[in-house]
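Coordinate analysis (summary)
Here's the letter readout for the chains.
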Amino acid sequence: MSPADGTTAESSAASAASAASAASAASAASAASAASAASAISTSSPAADRGPIHDLVGIGIGPFGLGLAALSDPLEDVDAVFLDQRPEFRWHPGMMLDGATIQVPFLADLVTMADPTSRYSFLAFLKATGRLYPFYIRESFYPLRSEYDAYCRWVADQLDSLRWSRRVIAVETAQNAEGAAAADDGSAASSRAAVESVESVGPVGSVGPHEHFVVTAEVLDEDGAVVGLEQHRGRHVVLGVGTAPVLPEPLRMLREQAGERSGPVVHTAEFLPSRERLLESGSITIVGSGQSAAEVYRDLLEETDRRGIQLDWITRSPRFFAMEYTKLTLEMTSPEYTDHYRSLPEELRDRLGREQRSLYKGISGDLVDDIHDTLYRLGQGGRAPHTTLLSDVAVTAGHVDEETGEHVLTLRHGQLGTEREHRTGALIAATGYRSSIPAFLDPVADLVRRDAKGRLDVSRDYTVDDAGRLHVLNAEEHTHGVTAPDLGFGAWRASVVLAAITGREPYAIERRIAFQTFGLPPQEDRDPQAAADDPTAAAATAAPSAAAPSAEAPSSAAPSAAAPSAAAPSADPPVRTSPPADQTQAARPRPAGVPS
């Protein structure tokens, strides 16, 4: 299992820092394209230019959005356009470490798990770039992270549906957008047209069967300045903006307090551009756990030891745990487990989400071993490496020493309950990423479902509105569990989204892939007469067999064709239907097997 980026997210620009890094890497061609598009924009209100109505407008082109675009490309009945504020595809440039691999096999590329014959597969990329045989001889299923980034850019370069340097600022229903345009224009004709439009689709705020969304985006030049506006209309909108870096409160305050004399406080997303500044600080502390923390620690370990710089690694996790990668555990990235997870109460899902971190937020076992081997080698001859590793330790507070410029952390040990002060020249936060609801959804906030905690209430088929027109990619970890950030499950989710849009299954949707059953299988009914004739029936009722699953010991037996798991959808569940795209188009059925 792996997050969407080997460590994290799938964002159109997860943070200002990562957006700046991506912008600095923009090519002249991308900048020229943005400038050319900007020059064609009308200076009048963009709402006045109706333009075509696409089947799909995607917002965000990370791996999941790019995969959806690649799977949409060969479909004749899907007209799609995808927007992203970055000037080109770049996948976590701040963590593009030499030799780092992604944590999923190459089959978990953008398309293969939906369409193994796709021209946009990782193997097709290797063939096109002359690296297929070297990859075969290498005998590793896990591509280099830099290679996966190059693969994604290779796919992006072939897709005409992508629009870079577009920063989305609003998603509105068509009736509201046209009403606003009429109010701005003030003409009787425009007002009358707006009224007619509203009357044709129903009450303001609803999404009627013949309505669409209007997505407004700012066009950016190579410096990130706004040079115009565009509007894109779509019957469906897919949000693929991913997750953003998170700084816990003590580290966020330290970052705000940091002055000219103090060393940097950076998130791992900003690591590579900040690496030399970190080394110049005299001492470095990494806070957090997981693959990102381990990769940064390993990258700095030998260099800091060579320079005599103290390198410390602090995690509140009880240990430096490895990712669990056994095969039956991997079956939790399945449609069946997702169904089971969604059936649980919200509080239980939240608790499981915390407990299951080792399934996709742990460290690769090979990297854990490599770190230990390196420490062993550096400790030859009885010398102590310049490093300390602390587990079960939380950072509870922090401030900057105005005299020395050092960052001063208050550490608390979880088991002992004791506290101590820790001083460091620089800080690296490996504290993860978090999804949020983008502000550009505010105009349609009344259509978007939320749970009791204000998070998106995502249905089984990845929609957040009752009409089934607003879809999400990797914003559903709290509702769907470990499959949400997993690269290997992205193509399956994209297949579900495309089935909802087209009313058919362009790519077959596997509904059962696991050998085990999650939850209890349904109780088998015995024939009353057969039970009466069976002399062992009464004894079996009074004393259940030790081999039979009990209420305290859920069964993990494989489901049979005659008795499918209660949590899994049946082979032929009821088909839900979406409203027709226009007045002349028949209603498109939702995909079978993905009930909300």
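For the structure itself, look to the data block above.
Since we're looking at a predicted model, the values are computed, not measured. (Residues numbered from 1 in each chain as written. Predicted model: local features only at pLDDT ≥ 70, side-chain atom pairs only at ≥ 80, totals over all residues. Heavy atoms only, no water.)

Where helix 3 (residues 63-72) meets helix 6 (residues 145-158), the axes come as close as 10 Å, and the angle between the chain directions of the two elements is 40 degrees. Viewed along their axes, helix 3 and helix 6 adopt a mutual orientation that is oblique. Remark: the crossing between helix 3 and helix 6 carries left-handed chirality. On helix 6, the residues touching Pro63, Leu66 and Ala70 of helix 3 are Tyr148, Cys152, Val155 and Ala156. (Axes fitted to C-alpha atoms, helices over the stretch in contact; angles between N-to-C directions. Helix = DSSP H or I, 4+ residues; strand = E, 2+ residues; numbered from the N terminus. Parallel < 35°, antiparallel > 145°, perpendicular 65-115°, else oblique. Left-handed = near helix turned anticlockwise from the far one by under 90°. Contact = heavy atoms within 4.5 Å.)

A word on empty space enclosed by the protein. Taken as a whole and assessed by the stated rule, the structure comprises 6 cavities of 30 Å³ or more. In this structure, the second largest cavity occupies an estimated 80 Å³ of space. Forming the boundary of the second largest cavity are 13 residues, of which Pro63, Phe64, Leu110, Gly490 and Ala491 lie nearest the centre. At the level of elements, helix 3 and helix 17 (490-502) are the ones that each hand at least two residues to the lining of the second largest cavity. Per element, the largest residue contribution to the lining of the second largest cavity is 5 residues, and it comes from helix 3. Of the residues that constitute the lining of the second largest cavity, the class distribution is 10 nonpolar, 2 polar and 1 charged. (1 Å grid on protein atoms, 1.4 Å probe; cavity = no way out; pocket = protein on both sides within 12 Å on 5 of 7 lines; lining within 4 Å. Points joined across faces, edges and corners; volume = space filled by probe spheres on them. Nonpolar A, V, L, I, M, F, W, Y, C, P; charged D, E, K, R; others polar.)

Before going further, it helps to examine the sheet that holds strand 11 (residues 387-390). The strand order across the open sheet formed by 5 strands is 8-15-9-10-11, and the pairing between neighbours is parallel. Of all strands in the sheet, those with a lone pairing partner are strand 8 (265-267) and strand 11, marking the two edges. Averaged over all pairs of adjacent strands, the angle between their axes in this sheet comes to 15 degrees, without regard to strand direction. Sheet topology note: the strand 10 (residues 310-314)/strand 11 ladder contains 4 bridges and is parallel. Across the sheet, Trp313 pairs through a bridge with Leu389, a residue of strand 11. Its contacts with the sheet put helix 11 (residues 291-307) on strand 9 (283-288), strand 10, strand 11 and strand 15 (426-430), and the angle it makes with strand 10 is roughly 160 degrees. (Pairing = 2+ DSSP bridges.)

As a further point, take the nonpolar core. Among the nonpolar cores identified, the biggest contains 43 residues, and Leu66, Leu68, Tyr151 and Leu162 are the most heavily contacted of them. Elements that contribute at least two residues to this core include exactly helix 3, strand 2 (80-83), helix 4 (122-128), helix 6 and helix 17. Examining the composition of this core, we find that 6 residues originate from one element, helix 3, more than from any other. Each residue touching Tyr151, except ones within four places of it in the same chain, is listed here: Asp109, Leu110, Val111, Tyr120, Ser121, Phe122 and Phe125. (Core = buried A, V, L, I, M, F, W, Y, C linked by side-chain atoms within 4.5 Å. Buried < 20%, exposed > 50% of the residue type's maximum accessible area, 1.4 Å probe, protein only.)

For the rest of this paragraph, the subject is unusual backbone geometry. Note: most residues except glycine have negative phi, and most peptide bonds are trans. Positive phi values are uncommon outside glycine, yet Tyr462 reaches one of about 70 degrees. Its location among the elements puts Tyr462 in the loop between strand 16 (433-434) and strand 17 (470-472). Positive phi, close to 65 degrees, is recorded for Asn474, a residue that is not glycine. Following the sequence through the fold, Asn474 ends up in the loop between strand 17 and helix 16 (477-480).

Take the sheet that holds strand 13 (residues 407-413) next. With respect to topology, 3 strands assemble into an open sheet ordered 12-13-14, the strand pairing being antiparallel. Whereas interior strands pair on both sides, the edge strands pair on one side only; in this sheet they are strand 12 (393-400) and strand 14 (419-424). Between one strand axis and the next, the sheet turns by 30 degrees as a mean value, whatever way the strands run. Note: strand 12 against strand 13, 7 bridges, orientation antiparallel. Note on strand 13: the bridge partner recorded for Val393 is His413. Sheet strands touched by helix 9 (residues 249-257): strand 12 and strand 13. Its angle to strand 12, the strand with the most contacts, is close to 20 degrees.

Scope: geometric values only; no functional claims are made or implied.
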